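So the chains spell out like this:
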Amino acid sequence: MMPRERVLFVDHTGQIGGAELILLDVVQGRNDSSAFLFEQGPLAKALAERGLSVITSRWGLGLSQFRRDSSWLKALPLAGGLAAITVELARVARRHDVVYANSQKAFVLAAVANLFARKPLIWHLHDIISPAHFGALQRRTQVFLANRFAAKVIVPSEAAAAAFIDAGGRRSLIEVVPNGLAVEPVPMSRHELRQRLGLPPGALVGVFSRLAQWKGQHVLIEALARLPNVHGLIVGDALFGEQDYAAELRRQVADLGLGDRVHFLGHRGDVPLLMQAVDVMVHPSIDPEPFGRTLVEAMLARVPVIATDAGAAPDILEHGRAGMLVPPGDARALAEALDAVLTEPAILEPQLAYASRRARAHYSLGRMLESIGLLIRNVRAGAAV
Ligand code: UDP
């Protein structure tokens, strides 16, 4: 049955990061719903292709380029635009049954708009509200608004739930819905895939995420400097104002003389193919991750995973049973783990089979869509009583 609720999905960015890929799944089949974006970008087109009517704010601010460490002085000229967006948002929200904020910035504005619109508000919180990621004032503002205005807060992991509660968020608001993915392995050998994609033969490892300091691509590069003959793919681009970090990574590669072994592929739309072509998928984040879609993508593709032991990763990888864990920010430990996996890949066969079963059982797309669909229905029904 087609969902009948008219949902207004709100996102601050026009770019497609991990949170937006989830949104694109959540909106499937919701032709009566709309999306409100703060800025232009590829996300608007992708949402329209899924049948939603898309409203892009006239005040497009480039808020996605405003990073958490940006000076608040930079925010001052934005203040007028923010107020205008909030008014616009409140007006559009009135025509819907439920408002669904898909990012932290979207939630803050939607919560204020809700003072006027008075519609049940869901916050899909894709971030981990820990001191590593947000300042004290930001955390306090977010949980204050959530406690006051959110009907439900969806988080993808227990780690993200714990951070929300630690910051003062109400436990009863939380609904843990793990991200779900539907990626089928491609029926091609690693060798064939490498040829098709123009990738080098021999030992090849990869990291697949937007370029950002806390995603830790620099740690992988440092580890590769310790592993002669191993090539690395750095897949992803600086989506949210991290261009300086992207430039630093290229400098680091040049300084270490790794230009012929480290390959920057930029943002790609064929991650499942690339991932299945590498010998190891590395997830080197130095700060806790709220989830980590690429972990599940690798598990489904039966590719060995080495991830840092923080945030949701130990949970997803079942503390090492479904993938290897190393301490965050430790290039030497990462190099040793990579060396172990690359030298004796056969040892991992049972782990790979287990990881793929675990991913299918716990992180399926169907399960995520069912939970979120039910939640939207309940929130609407609750508001109607
Ligand atoms: N991704 C992509 N193209 C790229 C790099 C990454 O499509 O060039 C995808 C990746 O496959 C994953 C998502 O972006 O599905 C990143 O999600 P994750 O949870 O790992 O990180 P986030 O960006 O949400 O912090």
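Residues numbered from 1 in each chain as written. Predicted model: local features only at pLDDT ≥ 70, side-chain atom pairs only at ≥ 80, totals over all residues. Heavy atoms only, no water.

What follows is about the side chain of Arg261. Residue position: Arg261 is located in the loop between helix H9 (243–255) and strand S10 (262–266). Asp260 provides the closest opposite charge to the buried, unpaired Arg261, separated from it by 5.1 Å. Separated by 3.2 Å, the side chain of Arg261 and the backbone oxygen of Leu224 make a polar contact. Once residues within four sequence positions are removed from consideration, Arg261 is found in contact with Leu224, Ala225, Leu227, Pro228, Asn229, Val230, His231 and Gly232. (Helix = DSSP H or I, 4+ residues; strand = E, 2+ residues; numbered from the N terminus. Buried < 20%, exposed > 50% of the residue type's maximum accessible area, 1.4 Å probe, protein only. Lys, Arg positive; Asp, Glu negative; His and termini not counted. Salt bridge = Lys/Arg side-chain N within 4 Å of Asp/Glu carboxyl O. Polar contact = N/O pair within 3.5 Å; in protein donor to acceptor, adjacent residues only side chain to side chain. Contact = heavy atoms within 4.5 Å.)

A few words on the packing of helix H11 (residues 293–300) against helix H14 (residues 349–362). At a minimum axis separation of 7 Å, H11 and H14 run at an interaxial angle of 120°. On the basis of their axis angle, the class for H11 and H14 is oblique. At the point where H11 passes H14, the crossing takes the left-handed sense. Counted together, Val296, Met299 and Leu300 of H11 and Ala355, Ser356, Arg358, Ala359 and Arg360 of H14 form the full contact between these two elements. Residues belonging to the contact of H11 with H14 are distributed by class as follows: five nonpolar, one polar and two charged. (Axes fitted to C-alpha atoms, helices over the stretch in contact; angles between N-to-C directions. Parallel < 35°, antiparallel > 145°, perpendicular 65-115°, else oblique. Left-handed = near helix turned anticlockwise from the far one by under 90°. Nonpolar A, V, L, I, M, F, W, Y, C, P; charged D, E, K, R; others polar.)

Near the ligand you find 16 residues, and of these Gly18, Lys215, Arg268, Arg293 and Glu297 are the closest. In the environment of the ligand, an oxygen atom lies 3.4 Å from a nitrogen or oxygen atom belonging to the backbone of Gly18. The separation between an oxygen atom of the ligand and a polar side-chain atom of Arg210 is 3.2 Å. Across the complex, the protein chains shield 88% of the 550 Å² of accessible surface that the ligand would expose by itself. Breaking the shell around the ligand down by element, the ones donating at least two residues are helix H1 (18–26) and H11. Broken down by class, the residue content of the shell around the ligand amounts to five nonpolar, six polar and five charged. (Near = heavy atom within 4 Å. Areas by Shrake-Rupley, 256 points an atom, 1.4 Å probe, with all protein chains shown as cover.)

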